[in-house]
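Structural characterization, general
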Amino acid sequence: ILAQAVFQHKLPLTPNFVCSTEVFTLTTMQAENPTKAIPERVQCFGRKKTAVAVALVKTGKGKFSLNGCPITTIKPDILRVKVYEPFLILGNEVTKKLDIRLRVKGGGYTSQVYALRQAIAKGIVAYYQKFVDEASKKELKDLLMAYDRSLIVADPRRCEPKKFGGRSARARFQKSYR
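Reference entry: report on the structure contained in this document. No experiment lies behind these values; they were computed from the predicted model shown.

Focus: the pattern of salt bridges
Applying the stated criterion across every chain yields a total of 11 salt bridges. The residue glutamate 85 makes a salt bridge to lysine 82 at a minimum N-O spacing of 3.4 Å. Linking glutamate 85 with lysine 82, this pair stays in helix α4 (residues 77–90), spanning three residues, or about one helical turn. One salt bridge in this structure joins arginine 157 and aspartate 155, with 2.8 Å as the shortest N-O distance. For arginine 157, a relative accessible area of 60% puts it in the exposed group. Ionic contacts of the salt-bridge type, sharing partners, join the residues Lys82, Glu85, Arg117 and Asp148 into one network.

Below, the structure is given as structure tokens:
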């Protein structure tokens, strides 16, 4: 068993390694992560219809990017304000110390924008819950929910599948009696 542990973790076989399991766990921690701080980051997603957006929120300098590009490049321009809503509601002091990387796939323009704004809002709330404190997280969440519930809670509506006997989900072919 000891030989397997050494082989799996690629650790040198030393006398203190053999002594006890406590020393073994210490040695593996040091080998895997020597003096490297764990970054403060959370990953959240937002959904609208078939669009899925993922937000990676971490401690930083206030940089926001979408699929590797600046967030200011979002098209159409009219819907860009919808993506900025969580930032405008929460204020600059909340978001200036956060970096947010966004990825979005699927759906159309509008669905992607709504998925993005939900991912941003949920990501900031999750970050505050994990790394700041519960009281400020509740405050942020209440602000967002008061403005628009869809910033936190996903819309469960989906496209209804087509059935036989008609051209769509509900419409039927015209019936002839003669």
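Quick look at the sheet that holds strand β1 (residues 41–48)
Spatially, β1-β2-β5-β3-β4 is the arrangement adopted by the five strands of the open sheet, whose pairing is mixed. Looking along the sheet, the strands with just one partner apiece sit at the ends: β1 and β4 (69–70). Along the sheet, helix α6 (residues 109–132) contacts β1, β2 (51–59), β3 (64–66) and β5 (98–105); its crossing angle with β1, the most-contacted strand, is approximately 150°.

Comments concerning the packing of aromatic side chains
The final tally for this structure, using the stated rule, is three aromatic pairs. With a centroid separation of 6.1 Å and an interplanar angle of 65°, the aromatic rings of tyrosine 127 and tyrosine 128 are classed as edge-to-face. Here a set of aromatic residues connected by ring pairs shows up, and it is made of Tyr127, Tyr128 and Phe131. Note that lysine 122 overlies the ring of phenylalanine 45, its terminal NZ or CZ placed 4.5 Å from the centroid.

What to know about the environment of threonine 59
Examined against the element boundaries, threonine 59 turns out to sit in strand β2. In this structure threonine 59 touches Glu40, Lys97, Asp99 and Tyr127, once residues within four positions along its chain are discounted. Separated by 2.6 Å, the side chains of threonine 59 and tyrosine 127 make a polar contact.

Brief notes about the pairing of β5
Judged from the eight bridges that link them, β2 and β5 form a sheet pairing that is antiparallel. Across the sheet, valine 57 pairs through a bridge with isoleucine 100, a residue of β5. By the bridge criterion, three bridges tie β3 to β5 in an arrangement that is parallel. When the bridges of β5 are listed, leucine 66 appears paired with leucine 102.

Cut-offs and rules
Every chain begins its residue count from 1, and numbering advances along the sequence as written. Owing to the predicted nature of the model, reporting of local features is limited to residues with pLDDT of at least 70; listing and counting of side-chain atom pairs is limited to 80 or more, with chain, interface and lining totals taken over all residues. Side-chain metrics in this entry use all non-hydrogen atoms of the structure; hydrogen atoms and water are not considered. Here, a salt bridge means any side-chain nitrogen of Lys or Arg that lies within 4 Å of a carboxyl oxygen of Asp or Glu. Per the convention used, a helix needs a DSSP run of H or I reaching at least four residues, while a strand needs a run of E reaching at least two, with both numbered from the N terminus. The buried label applies to any residue whose accessible area, calculated with a 1.4 Å probe on protein chains only, is under 20% of its type's maximum; exposed applies above 50%, and partly exposed to all values in between. Any two strands with at least two DSSP bridges between them are considered paired. The contact criterion used is simple: two residues touch if any of their non-hydrogen atoms lie within 4.5 Å. A fitted line through C-alpha atoms represents every axis, and for helices the fit uses only the stretch in contact; the resulting angles, taken between N-to-C directions, go from 0 to 180 degrees. Classification of ring pairs uses Phe, Tyr and Trp, with its six-membered ring standing for Trp, and accepts pairs whose centres are within 6.5 Å; under 30 degrees between planes counts as stacked, over 60 as edge-to-face, and the remaining range as tilted. Note on geometry: a ring has a charge over it if NZ (lysine) or CZ (arginine) is within 6 Å of the ring centre and within 35 degrees of the ring normal. Under this definition, polar contacts are N or O atom pairs within 3.5 Å; protein pairs additionally need one hydrogen-donor-capable and one acceptor-capable atom, and for neighbouring residues in sequence, both atoms have to be side-chain atoms.

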